[in-house]
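Understanding the architecture of this molecule
The chain contents come next:
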Amino acid sequence: MSNPAGSTPVRITVAVALLGLSCAWNGGNVGPVASEIAASFDVSLSTVGLLSGTFFLGSTIVGLVFAAQIGERTGLVRGVRLACGLALAGNLLLTVSPDFAGLAIGRVLPGLGFALANTLGAVWARSAGGVRLLGIFGASIQLGIALALLVGSALSDLGIDWRIGFAISAALAAAAFVSIPKEAEMPAGGLGRGGGFLRAAVRHARTYRLALLFISIYGVPLILSAWLIEYLVREGDAAKSVAGVVGFLLFGLSAAVRIFGARLQQRGVPHRLLGGALGLAAIGLGALTLDPAAATAFGCVVLLAFGFGIPYATALNEAQQLYPQAPSEPVALMTLTALTLPMVAIPMVGRALDNGNGELTFGILAAFLILATLANLRRTGIPLVAGDGTGLGAQ
């Protein structure tokens with residue numbers, strides 16, 4: 001049902017929001033119980049990091065590569081239901097598996113589902129409700145991670161078995177599955193793929209500057225979703241439930257700030273201020289490195305939320321301008337690039353926490369955010385590939 005201009009039925013809005021929330025929930029449901037999983041299977045935090053980072057995000061990257069083709073073949077209804085089904089099956093496996101290998105498979109399936117939900121859900125949201133519903137979908141993804149951190153931490157502090165959190169994740173996926181209407185349609189023109197972009201992209205410095213921004217606003221928050229709670233508990237003085245509230249504030253507030261950042265861009269706020277806002281995240285993470293106490297953490301995550309959220313719309317707009325004739329291609333490339341860092345770094349950060357070097361790793365992340373901020377203080381709006389497919393000058 002395509003209705004970008006008119007009012008969107010409530011059931012469509014609810015279904016889109018549930019899709020984003022339930023699939024993104026898997027980005028935050030391991031972090032709060034990382035130490036409990038490690039104790040249950042007598043493994044290190046680095047090994048648990050394979051679950052929260054490498055297996056989940058690695059399968060997400062694979063899924064993103066093929067998501068458009070799957071959507072064209074299956075259609076929207078079966079595509080987004082497949083996303084929910086994968087999340088449901090994976091979390092049921094996490095709930096009942098007696099061995100660690102089962103947990104690994106249980107993380108791969110939701111990763112594939114998240115890729116499908118991210119790609120096809122965005123297309124469905126824009127087609128069914130325009131920019132407004134697309135904004136709701138984007139916010140629901142952030143809220144899914146935020147609520148997973150909050151609920152998982154609360155359950156852990158109450159002494160409830162860590163598997164119950166994955167049972168809740170499965171129930172949310174099932175609710176999203178049954179909420180999807182039969183009449184959801186692929187928009188005219190499909191998902192829009194072109195050619196020639198990648199060849200031009202690798203030759204331009206502008207691509208790499210923008211990649212730093214995407215890694216900062218996508219990749220670094222995923223690392224924090226995996227280890228912020230454990231960091232605050234081990235390096236600071238926070239109870240796990242309090243650390244969960246800090247994590248919820250980070251992702252919940254950033255969902256609202258993304259909308260605020262889009263409005264700033266629409267009002268013509270200079271790019272150097274929108275891109276430079278990432279520096280707020282660098283300041284917040286740097287302060288959290290120096291003082292991981294719970295009282296400090298609340299102020300730091302406000303800075304992080306504004307730093308990650310304000311440049312969000314600018315990053316998407318910049319990416320689409322790289323290749324206007326098929327804007328989904330540069331967005332996909334930047335997203336894939338952004339996911340690579342947490343896929344590799346999450347187990348490494350877990351190992352550092354095990355060895356008492358959590359503050360060092362958080363300091364390195366803060367330094368990376370400073371580099372990305374400096375690289376994105378200016379913009380160039382010229383496409384990398386002209387309308388005839390030829391590459392333009394280096395930007």
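For the structure, check the block above.
This text gives an overview of the structure that appears in the document. None of the values given here were measured: they were computed from a predicted structure. (Residues numbered from 1 in each chain as written. Predicted model: local features only at pLDDT ≥ 70, side-chain atom pairs only at ≥ 80, totals over all residues. Heavy atoms only, no water.)

Regarding empty space enclosed by the protein
Applied cut-off: Grid points spaced at 1 Å over the protein atoms alone were grouped into cavities, where a 1.4 Å probe fits but cannot get out, and pockets, open sets with protein on both sides within 12 Å along at least five of seven lines, with lining residues defined by an atom within 4 Å of a point. Grid points are joined across faces, edges and corners, and a volume is the space filled by probe spheres set on the points. Under the scheme applied, nonpolar residues are Ala, Val, Leu, Ile, Met, Phe, Trp, Tyr, Cys and Pro; charged residues are Asp, Glu, Lys and Arg; polar residues are all the others, including Gly.
On inspection of all chains with the given rule, the structure shows 4 cavities of 30 Å³ or more. Looking at the lining of the largest cavity, its residues break down into 10 nonpolar, 5 polar and 1 charged.

Things to note about the packing of helix 2 (residues 34-41) against helix 3 (residues 45-74)
Put simply, the test is: To get an axis, fit a line to the C-alpha atoms, keeping to the stretch in contact for a helix; angles then go from 0 to 180 degrees between the N-to-C directions. The secondary structure listing takes helices from DSSP runs of H or I that are at least 4 residues long and strands from runs of E that are at least 2 residues long, numbered from the N terminus. In this scheme the handedness of a crossing depends on how the near helix is turned from the far one: anticlockwise by less than a right angle means left-handed, clockwise means right-handed. Contact between two residues is taken to exist if any of their heavy atoms lie within 4.5 Å; hydrogens are not considered.
Where helix 2 meets helix 3, the axes come as close as 9 Å, and the angle between the chain directions of the two elements is 115°. Here helix 2 runs over helix 3; the crossing is right-handed. Across the interface between the two elements, Ala 34, Ser 35, Ile 37 and Ala 38 from helix 2 touch Leu 45, Val 48 and Leu 51 from helix 3. Residues that form the contact of helix 2 with helix 3 fall into these classes: 6 nonpolar, 1 polar and no charged.

Some thoughts on the packing of helix 1 (residues 10-24) against helix 6 (residues 162-179)
Stated formally: In what follows, roughly perpendicular refers to angles from 65 to 115 degrees, roughly parallel to angles under 35, roughly antiparallel to angles over 145, and oblique to any angle outside these ranges.
Interhelical geometry of helix 1 versus helix 6 gives an angle of 150° and a closest axis separation of 9 Å. In terms of their interaxial angle, helix 1 and helix 6 are classed as roughly antiparallel. In terms of crossing hand, the pair formed by helix 1 and helix 6 is left-handed. On the side of helix 1, the interface is formed by Ala 15, Leu 18, Leu 19, Leu 21 and Ser 22, while helix 6 contributes Leu 172, Ala 173, Ala 175, Ala 176 and Ser 179.

What about helix 1?
To keep it simple, the criterion reads: One less than the number of residues in a helix, times 1.5 Å, gives the span that helix is expected to have. Relative accessibility under 20% of the residue-type maximum defines a buried residue, over 50% an exposed one, and the middle range a partly exposed one, all with a 1.4 Å probe and only protein chains included.
Between its first and last C-alpha atoms helix 1 spans 21 Å; for 15 residues at 1.5 Å apiece the expected length is 21 Å, and the two agree. Those residues of helix 1 that fall on the buried side of the exposure criterion are Ile 12, Thr 13, Ala 15, Val 16, Leu 19, Gly 20, Leu 21, Ser 22, Cys 23 and Ala 24.

Some points on a nonpolar patch on the surface
Applicable threshold: Patches in this entry comprise residues that are over 30% relatively accessible and not in a salt bridge; like charges within 9 Å are linked, as are nonpolar side chains (Val, Leu, Ile, Met, Phe, Trp, Tyr) within 5 Å. The accessible surface values rely on the Shrake-Rupley method and a 1.4 Å probe; as for residues, cover is taken only from the protein chains in view. A pair is scored as a salt bridge if a Lys or Arg side-chain nitrogen falls within 4 Å of a carboxyl oxygen belonging to Asp or Glu.
There is a patch of nonpolar side chains on the surface, built from Val 62, Val 65 and Phe 66 and spanning about 260 Å² of accessible area. Mapped onto the fold, Val 62 is located in helix 3. The exposure class of Val 62 is partly exposed, given its relative accessible area of 44%.

So, the pattern of salt bridges
The final tally for this structure, using the stated rule, is 3 salt bridges. Here Glu 230 and Arg 234 are joined by a salt bridge, their closest N and O atoms 2.9 Å apart. Of the two residues, Glu 230 and Arg 234 are both situated in helix 8 (residues 205-235); the distance of 4 residues between them amounts to about one turn of the helix. Given the relative accessible area of 3%, Glu 230 is considered buried. A residue is classified by how much of its surface remains accessible, and Arg 234, at 40% relative accessible area, is partly exposed. Residue Arg 234 is joined to Asp 354 by a salt bridge in which the shortest nitrogen-to-oxygen separation is 3.7 Å. Here Arg 234 is found in helix 8, whereas its partner Asp 354 is found in helix 14 (residues 328-354), with 120 residues between them in sequence. By relative accessible area, Asp 354 is classed as partly exposed at 34%.

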